[in-house]
Amino acid sequence: MKIASFNINGIKARADALTDWLKEAEPDVAILQEIKSVDENFPREIFEDLGYNVETHGQKSFNGVALLSKLPLEDVTRGLPGAEGAGRDGGDDEEARYIEATVVGETQALRICGLYLPNGNPVDLDADGTPVPGSKYDYKLKWFDRLTARAEALLAEEQPFLMAGDYNLIPQPEDAKRPEAWKDDALFRLESRAKFRRLTALGLTDALRVRNGAPDTYTFWDYQAGAFQKNDGIRIDHFLLSPQAADLLTDCQIDAFTRAKDKPSDHVPIWVDLDL
DNA sequence: ATGGTGGTGCGACCA
């Protein structure tokens, strides 16, 4: 089963590019981020015509995640648990960044968690260096904690699951062409990386890291300054697999070719193949 | 490096 993740940076601008890639790559499941659309305006018919079931968790203008699947999507839930009081304004977290569903393979079921982790910039710190409550950076770190809590709950079930999407996180210096340029950025600061490490240390496998240790392997290049042409990229889109899912992993690749086409997203797809 | 580009949706805000 081929499962892909793709931050499309707006469904309106990317409908054609996304359709072309789906026809070429033929994933069984596509986990989408930054649809930048409310549910009612997502052009679901385009993807239903290609044989996909469609589940969205949208929002006006920003964020928004979706799942496309050739197999039925069961037990769909929207939103990361722990939203109560977790918004930046102290209210509930209403940003559409998380969706879960179960797909049933030939031998067993797989829980799929699609996520769009907050960017976290600008980094806003108190005089003593602690993230300012209510700041974007504070929201990112707390969102990481909620994701980790969700992973702990799923791990307790000892079933195959994966958490995939745009983590807005560069795990290691080798995951950036110019790590020094990202030193103080929310995507690479040590506090952010510690959160990611804590999550993976629960026992989750970074699928690309174990399947493909090739250097200069990135999933995002800025639109500016010819970043893609210079391969001045970062690896921030990740597949984290539970132990039971990691046992089924047969491949993990990045479809960087999509970045060279017309009207590309600034991200490219990453996918895994699981033997289920 | 000061967003230099690009998306959403029509004024900013986000990345």
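Scoring rules and cut-offs
- Here, residues in each chain are numbered from 1, in the same order as that chain's written sequence.
- Note on labels: chains are lettered from A, ligands numbered from 1, in written order.
- The predicted nature of this model means local features are confined to residues of pLDDT at least 70 and side-chain atom pairs, given and counted, to a pLDDT of 80 or more, with totals for whole chains, interfaces and linings taken over all residues.
- To obtain the side-chain values, all non-hydrogen atoms of the structure were used and water was disregarded.
- UniProt positions are given in the numbering used here, feature names are shortened, and annotations may be inferred rather than shown by experiment.
- Salt bridge, as used here, is a side-chain nitrogen of Lys or Arg placed within 4 Å of a carboxyl oxygen of Asp or Glu.
- What counts as a helix is a DSSP run of H or I of at least four residues, what counts as a strand is a run of E of at least two, and both are numbered from the N terminus.
- Here's how the labels work: a residue is buried when its accessible area is under 20% of the maximum for its type, exposed when over 50%, partly exposed in between, all with a 1.4 Å probe on protein chains only.
- By convention in this text, a residue qualifies as near a molecule or strand provided that one of its non-hydrogen atoms is within 4 Å of it.
- Identification of polar contacts relies on pairs of N or O atoms within 3.5 Å, with a donor-acceptor requirement for protein atoms, meaning one able to donate a hydrogen and the other able to accept it, and with residues adjacent in sequence counted only if both atoms are side-chain atoms.
- All amino acids are sorted into three groups, where Ala, Val, Leu, Ile, Met, Phe, Trp, Tyr, Cys and Pro are nonpolar, Asp, Glu, Lys and Arg are charged, and the leftover types, Gly among them, are polar.

For chain A, an unreviewed UniProt entry supplies the name Exodeoxyribonuclease III and the organism Celeribacter ethanolicus. Quoted verbatim from the Sequence similarities (unreviewed entry) field of the UniProt record, the comment on chain A reads "Belongs to the DNA repair enzymes AP/ExoA family."

Q: Hey, could you go over the pattern of salt bridges for me, with residue numbers and the actual values?
A: The tally for this structure, following the rule as stated, stands at 17 salt bridges. With a shortest N-O distance of 3.0 Å, R44 and E48 are connected by a salt bridge. With R44 and E48 both in helix α2 (residues 44-48) and four residues apart, the pair spans about one turn of that helix. A residue is classified by how much of its surface remains accessible, and R44, at 30% relative accessible area, is partly exposed. Between E55 and R78 there is a salt bridge; the shortest N-O distance is 2.6 Å. Taken as a pair, E55 in strand β3 (residues 53-57) and R78 in strand β5 (residues 74-78) lie far apart in primary sequence, 23 residues in all. Given the relative accessible area of 40%, R78 is considered partly exposed. Each of D175, D206, R209 and R235 takes part in salt bridges that share partners, so that together they form one network.

Q: Give a detailed account of the protein's contact with DNA strand B, specifying residues and quantitative values.
A: With respect to spatial proximity, 19 residues lie near DNA strand B, and among them K12, A13, N119, D222 and Q224 are the closest. When atoms of DNA strand B within 4 Å of the protein are split into backbone and base, the sugar-phosphate part holds 79%. K12 is positioned such that a nitrogen or oxygen atom in its backbone is 3.2 Å from a phosphate oxygen of DNA strand B. Between K136 and DNA strand B, the recorded distance is 3.4 Å, taken from a side-chain N or O atom to a sugar or linking oxygen. It is helix α1 (residues 11-25) that contributes the most residues to the surface near DNA strand B, four residues altogether. For the surface near DNA strand B, the per-class residue count stands at six nonpolar, five polar and eight charged.

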